[in-house]
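Below, each chain spelled out in residue letters.
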Number of protein chains: 2
Amino acid sequence: MIREFSPKLSQDVEVGVGDDCAVVRSINNDIVLCADMLVEHVHFETSYFDPFDIGYKAVAVNLSDIAAMGARAIYLLCTLSGPKDYPLDEILQGIQDTSKLYNVTLVGGDISRSTEITVSISVVGTRDTSVSLLRSAASAGDQIVLTGPTGRSAAGLRSLSQNNVRPSHPTPFELAHLRPLPLLDAGRAALSYGARAGIDISDSLALDLHRAADASNVGFELSDVPLIEGVTKEQALYGGEDYELLLFIKDGVSLAKHLDKVLHRTSAQVIGVVTNNQEIRTLGGEQLPKKGYLH
Amino acid sequence: MIREFSPKLSQDVEVGVGDDCAVVRSINNDIVLCADMLVEHVHFETSYFDPFDIGYKAVAVNLSDIAAMGARAIYLLCTLSGPKDYPLDEILQGIQDTSKLYNVTLVGGDISRSTEITVSISVVGTRDTSVSLLRSAASAGDQIVLTGPTGRSAAGLRSLSQNNVRPSHPTPFELAHLRPLPLLDAGRAALSYGARAGIDISDSLALDLHRAADASNVGFELSDVPLIEGVTKEQALYGGEDYELLLFIKDGVSLAKHLDKVLHRTSAQVIGVVTNNQEIRTLGGEQLPKKGYLH
């Protein structure tokens, strides 16, 4: 049980941190649930992640799953473990502050000792409608919309791990790796715009696109993927941890414009189409390998 | 994301394991949330826990928190990590089967590699009424009801760790340590019988009683604690992991009789009273040390 923190509670929270369980008010719409963990040496190194980064990122990757459903996050539970001499309270502060930033309430959790640092987060959310963005709902003829260019996180990881130190002023690529942005607004905007299929890019553009294609029993033909300066094509395709969204909808061009407006950027674009033939999964006519940043 | 398991889903689950999140039907009553973790070398050793035990116990200790609120468990999320050569799928099977046993649906989670095994569980539950059993609600004059004798788990841990092997037929004490029973029925029965204060014994009878007294700003006078053959007084008081419940109510004698009927046992009893003076926390007139099985 987490005793250290008694976050300011919203009026929907009757019992927060400090009892055996939290008690929160009934959720009138459908409930959306996810859980994801970060493990030291697998997902991060303490040489180039500070404790706050670890807490931040553990929350962000979970909120990205909520974004990929077009849902809204409400409550968060965390369990964390680490060595005695590591400041777990600073990880918890990262979890706490990041939750607040995204309007989510930390309602409970547990802390333990362990050799490696682990952070496990569960999120309880809801959806405003009776539909979600599903991996399994892409259909032939859909355009494939990518919310923004990929590979930044992989490029950031490269410089972080090479220098093996947490810079006090990380580069934009390094920030993309340390503090990824969960695209909650984009997910909900896509859903309300009519999209019914989507996935977030956690392991790589290629791998997560294949996953959605597998779940939907479809193929895809990508024309090209956006490349930004400083990022290799390899990183953009197979780098992972960008947390951009892949969305599937008939009129992807309109959705991309709409998302750019919502996100205040000019980066969403159609990168290809969904096809009937599951065997055909190509980029520029060549079969796209199913590989990515598998931890 | 957990891909290996596609549990049979209840009709309240629209999206289960396999997408970015699970989607479940709205919960009309208040929602009860908790999260708790088990870590190798801290909470168990693989020499005397088999993988199924680990999964079982991780679920059971969380359900005990739900029991201690008088609530009902519905959904479960898990994240687990461990070394490549350890059968994590058997832990997952333990989680899965134990969830089914207690009528809870596993709806999502995550698996990662790590050096030490960790299992983190979150439970989403609900309550049938608008009240809960709170740690903070004990008041002077309440009788203190203990659902059953403590120390079995500590006695079982002693023989397990001495023999350092998982017996194919554990003794009852060893079973109490490996496969504790979450007292869900007792918690709900106590709540509907009128109890408003309660806590489960995870770290020790003494420590958890002190915790409830701290949260309620009260003291206590224990007359005696039940001792069963094969268990030392030290184990009964400070042993921990029994997952019996401590309940606080004016007429504890009647509640104890009622709980014995619900639990089909003859073990619930009044062990003392709650007092106004926070300084007085005694067993048989002697101050009770605030110590327990802290991991």
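That block above? That's the structure.
The following paragraphs examine the structure supplied in this document.

Here is what the cut-offs are and how they apply
Residues numbered from 1 in each chain as written. Chains lettered and ligands numbered in written order. Predicted model: local features only at pLDDT ≥ 70, side-chain atom pairs only at ≥ 80, totals over all residues. Heavy atoms only, no water. Pairing = 2+ DSSP bridges. Helix = DSSP H or I, 4+ residues; strand = E, 2+ residues; numbered from the N terminus. Axes fitted to C-alpha atoms, helices over the stretch in contact; angles between N-to-C directions. Contact = heavy atoms within 4.5 Å. Disulfide = S-S within 2.5 Å. Buried < 20%, exposed > 50% of the residue type's maximum accessible area, 1.4 Å probe, protein only. Buried area = accessible area lost by both parts, 1.4 Å probe. Salt bridge = Lys/Arg side-chain N within 4 Å of Asp/Glu carboxyl O. Polar contact = N/O pair within 3.5 Å; in protein donor to acceptor, adjacent residues only side chain to side chain. Nonpolar A, V, L, I, M, F, W, Y, C, P; charged D, E, K, R; others polar.

**Focus: the sheet that holds strand β3 (residues 31-39) of chain A**
Taken together, six strands build an open sheet; the order of strands is β5(A)-β4(A)-β6(A)-β3(A)-β2(B)-β1(B) and the sheet is mixed. If you trace the sheet from one side to the other, it starts and ends with β5 (105-113) of chain A together with β1 (13-15) of chain B, each paired once. Taken pair by pair, the neighbouring strands of this sheet meet at an average axis angle of 20°, ignoring direction. Contacts between helix α2 (residues 88-101) of chain A and the sheet are confined to β4 (72-82), β5 and β6 (118-126) of chain A, with β4(A) contributing the most and set at about 175° to the helix.

**Re the state of the cysteines**
Applying the stated rule across the entire model yields zero disulfides over all chains. Left without a disulfide partner, Cys21(A) is nearest to the cysteine sulfur of Cys34(B), which lies 4.0 Å away. A relative accessible area of 2% places Cys21(A) in the buried class. With no disulfide of its own, Cys78(B) lies 13 Å from the sulfur of Cys34(A), the closest cysteine sulfur.

**Points about the interface of chain B and chain A**
Facing 59 residues of chain B, the contacting portion of chain A comprises 59 residues. Summing both partners gives a buried area of about 4,300 Å² for chain B against chain A, and 54% of it is carried by carbon and sulfur. There are six salt bridges connecting chain B and chain A. Put simply, Arg127(A) and Glu14(B) hold a salt bridge, and the shortest N to O gap is 2.7 Å. Our enumeration of links across chain B and chain A arrives at 21 residue pairs in polar contact (both at pLDDT 80 or more). When its residues are assigned to classes, the side of chain B that touches chain A shows 26 nonpolar, 18 polar and 15 charged. Here β3(A) runs beside strand β2 (residues 22-24) of chain B; their pairing, made up of three bridges, is antiparallel. From the neighbouring strand, Ile31(A) faces β2(B), where its bridge partner is Val24(B).

**Considering the pattern of salt bridges**
Taken as a whole and assessed by the stated rule, the structure comprises 36 salt bridges over all chains. Residue Asp20(A) is joined to Arg135(B) by a salt bridge in which the shortest nitrogen-to-oxygen separation is 2.8 Å. Pair noted here: Asp20(A) is in the loop between β1 (13-15) and β2 (22-24) and Arg135(B) is in the loop between β6 (118-126) and β7 (143-146), and the two residues belong to different chains. By relative accessible area, Asp20(A) is classed as buried at 5%. Taking the relative accessible area as the measure of exposure, Arg135(B) reaches 7% and is therefore buried. Across the pair Glu234(B) and Lys291(B) runs a salt bridge, and its minimum N-O distance is 3.3 Å. Here the residue Glu234(B) occupies a position in helix α7 (residues 233-238), and Lys291(B) occupies one in the segment after β13 (286-287), the gap between them amounting to 57 residues. Taking relative accessible area as the criterion, Glu234(B) reaches 46% and is therefore assigned partly exposed. A single salt-bridge network, built from bridges that share partners, covers Asp50(A), Asp53(A), Arg166(A) and Arg179(A).

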